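# Understanding the architecture of this molecule
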Amino acid sequence: MNEILDMMSDDATWWVNGKPHLSAISGLRTKEEMRPVFNDLFAFFDGRLAMQLKSSIAEGDIVAAEARSLGETRSGKIYENEYHILFRIRDGKIAEVREYTDLLHTAEVMNG
């Protein structure tokens, strides 16, 4: 978790698709607001959440990545999700993240 935050600029933001009133993980957060989100997320899994990069493309200060996650929750449920993540890089650090993912699957596994 600290590795992710260490790659981000101090003023970085992380946005997740969806409506914040419908999904607790949706919306825009600062780097520091992401720390408890990551802590809660990683505590939910038994071990780690593996991320597989499927494809990526870069142009200028933008990197677009298609990824897939796989993890097992402490309750034994399998979490396997798809992502499209847009990164904006500034001075060698991640300045902005825009994450698009299947929030219905997230809710099904984490709340169901």
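Look up a bit, the structure's there.
Read on for an overview of the structure.

Definitions and limits used
Residues numbered from 1 in each chain as written. Predicted model: local features only at pLDDT ≥ 70, side-chain atom pairs only at ≥ 80, totals over all residues. Heavy atoms only, no water. Pairing = 2+ DSSP bridges. Helix = DSSP H or I, 4+ residues; strand = E, 2+ residues; numbered from the N terminus. Contact = heavy atoms within 4.5 Å. Buried < 20%, exposed > 50% of the residue type's maximum accessible area, 1.4 Å probe, protein only. Arc of directions from axis to C-beta. Polar contact = N/O pair within 3.5 Å; in protein donor to acceptor, adjacent residues only side chain to side chain.

Turning to the pairing of strand β4 (residues 62-72), a few remarks are in order. Within a regular strand, the side chains alternate between the two sheet faces. In the sheet, strand β3 (residues 50-59) pairs with β4 via nine bridges, with the strands oriented antiparallel. Pairing of Met51 across the sheet is with Ser69, part of β4. Remark: two residues form the turn of the hairpin made by β3 and β4, two consecutive strands paired antiparallel; Gly60 in that turn has positive phi of roughly 60°. Bridging between β4 and strand β5 (residues 78-90) involves eleven bridges; their strand directions are antiparallel. Its bridge partner being in β5, Ile62 is matched across the sheet by Arg88.

The next thing to look at is the environment of Leu86. Mapped onto the elements, Leu86 comes out in strand β5. In the structure, Leu86 is positioned 16 residues away from Asp102 in sequence and 15 Å away in space, judged by C-alpha atoms. If we skip the residues at most four places from it in the chain, Leu86 touches Ile62, Val63, Ala64, Glu96, Val97 and Arg98.

Take helix α3 (residues 103-111) next. Those residues of α3 that fall on the buried side of the exposure criterion are Leu103, His105, Thr106 and Val109. The buried residues of α3 occupy an angular sector of 155° when projected down its axis, which confines them to one face. In α3, the exposed positions angled more than 90 degrees off the buried face are occupied by Leu104, Glu108 and Asn111. Considering only its buried residues, α3 is in contact with β1 (8-16), α2 (31-44), β5 and β6 (93-101). Near the N-terminus of α3, the side chain that reaches the backbone nitrogen of Leu104, with its oxygen 3.1 Å away, is that of Asp102.

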